[in-house]
Amino acid sequence: MTARVASARPSKPRADVLPREFYDRPTEIVARDLLYESGWTQLTERDPQGSYCLTGALSHAAGQDRQSYRNALLSLGPRLGVPGCRFGGFACHCAALRWNDAEGRTRRHVVAKLDEFIELALGKTAASA
Ligand SMILES: [Zn+2]
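None of these values were measured; they are calculated from a predicted model. (Residues numbered from 1 in each chain as written. Predicted model: local features only at pLDDT ≥ 70, side-chain atom pairs only at ≥ 80, totals over all residues.)

Undergrad: What is the right way to read the overall build of the chain from this model?
TA: Helices and strands together make up the secondary structure of the chain, namely six helices and zero strands. When each of the 129 residues of the chain is scored for burial, the buried share is 30%. Long-range pairs, those at least 24 residues apart, make up 44% of the contacts in the chain between residues at least 6 apart in sequence. (Helix = DSSP H or I, 4+ residues; strand = E, 2+ residues; numbered from the N terminus. Buried ≥ 20, exposed ≤ 12 C-beta atoms within 10 Å, placed from the backbone. Contact = placed C-beta atoms within 7 Å.)

Undergrad: I tried to follow the environment of A57 on my own but got confused; where do I start?
TA: Examined against the element boundaries, A57 turns out to sit in helix α3 (residues 54-62). Of the residues examined, A57 has 32 C-beta atoms within 10 Å and is grouped as buried. Between the C-alpha atom of A57 and that of W40, which follows or precedes it by 17 residues, the distance is 8.7 Å. In contact with A57, other than residues within four places in its own chain, are A31, L34, L35 and Y52.

Undergrad: Would you take a moment to explain α3 for this structure?
TA: In terms of residue burial, α3 counts as a mostly covered element, since nine of its nine residues are buried. Along α3, the positions that sit buried rather than exposed are L54, T55, G56, A57, L58, S59, H60, A61 and A62. Positive backbone phi, approximately 60 degrees, marks G63, located one or two places after α3.

Undergrad: What is the right way to read the environment of T106 from this model?
TA: Within the fold, T106 resides in the loop between α5 (94-101) and α6 (107-128). It is 8.2 Å that separates the C-alpha atoms of T106 and W40, two residues lying 66 residues apart in sequence.

Undergrad: Could you clarify how one ought to interpret helix α4 (residues 66-76) in this entry?
TA: Since there are 3.6 residues in each turn of an α-helix, residues three or four apart along the chain are aligned in direction. Of all the residues in α4, the buried ones are S68, Y69, A72, L73 and L76. Looking straight down α4, one finds that the buried residues subtend no more than 140 degrees of arc, so they occupy a single side. Along α4, exposed side chains directed more than 90 degrees from the buried face belong to R66 and Q67. (Arc of directions from axis to C-beta.)

Undergrad: Where do I start with unusual backbone geometry in this structure?
TA: Leaving glycine aside, a negative phi is the common case for residues, and trans is the common case for peptide bonds. Positive phi outside glycine occurs at L43, with the angle close to 65 degrees. Classification of L43 as exposed rests on a count of 9 C-beta atoms within 10 Å.

Undergrad: Help me out: how do you make sense of the nonpolar core in this one?
TA: Across soluble globular proteins, nonpolar side chains have a tendency to be buried as a group. In terms of nonpolar packing, the biggest core is built from 24 residues, with A31, A57 and L58 touching the most fellow members. Within the residue set of this core, elements represented by two or more residues are α2 (27-38), α3, α4, α5 and α6. If sequence neighbours within four positions are ignored, L58 has contacts with T27, A31, Y69, A72 and L73. (Core = buried A, V, L, I, M, F, W, Y, C linked by C-beta atoms within 7 Å.)

Undergrad: Please explain the environment of A31 as it appears in this structure.
TA: Within the secondary structure, A31 sits in helix α2. Residue class for A31 comes out buried when judged on the 29 C-beta atoms lying within 10 Å of it. Sequence separation of A31 and H60 is 29 residues, and the distance between their C-alpha atoms is 7.5 Å. Discounting chain neighbours no more than four positions away, the residues touching A31 are A57, L58, A61 and L114.

Here it is in structure tokens:
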């Protein structure tokens with residue numbers, strides 16, 4: 001699911017055409033920017049307007065690196081307050097999908113959840129530096 005979609009803002013580089021260094025940023029940070037800039041959606045990975053759901057954004061942010069995608073699901077999953085998938089636990093996208101698609105969920109919640117995670121990750125980095 002990495003079909004390229006023509007950008008309405010051609011002057012702004014899209015994640016799928018950015019160089020490799022972009023993808024070396026943590027998947028959660030790239031996903032957060034995608035959700036912030038492209039918009040957020042429910043019940044579909046990506047809507048026709050270019051908005052992403054949480055898992056769609058994480059998947060797109062990880063690009064070809066499927067391990068990064070799984071790692072992002074594994075680290076975010078336990079923080080979402082929903083049970084893991086009974087087949088794949090938090091490595092499966094079910095938990096993040098359920099959380100994303102919950103009634104009353106908003107883009108603000110999703111971006112805030114990623115920000116919370118990123119803050120924690122940055123805190124850990126700073127503490128160990
Ligand atoms: Zn599952």
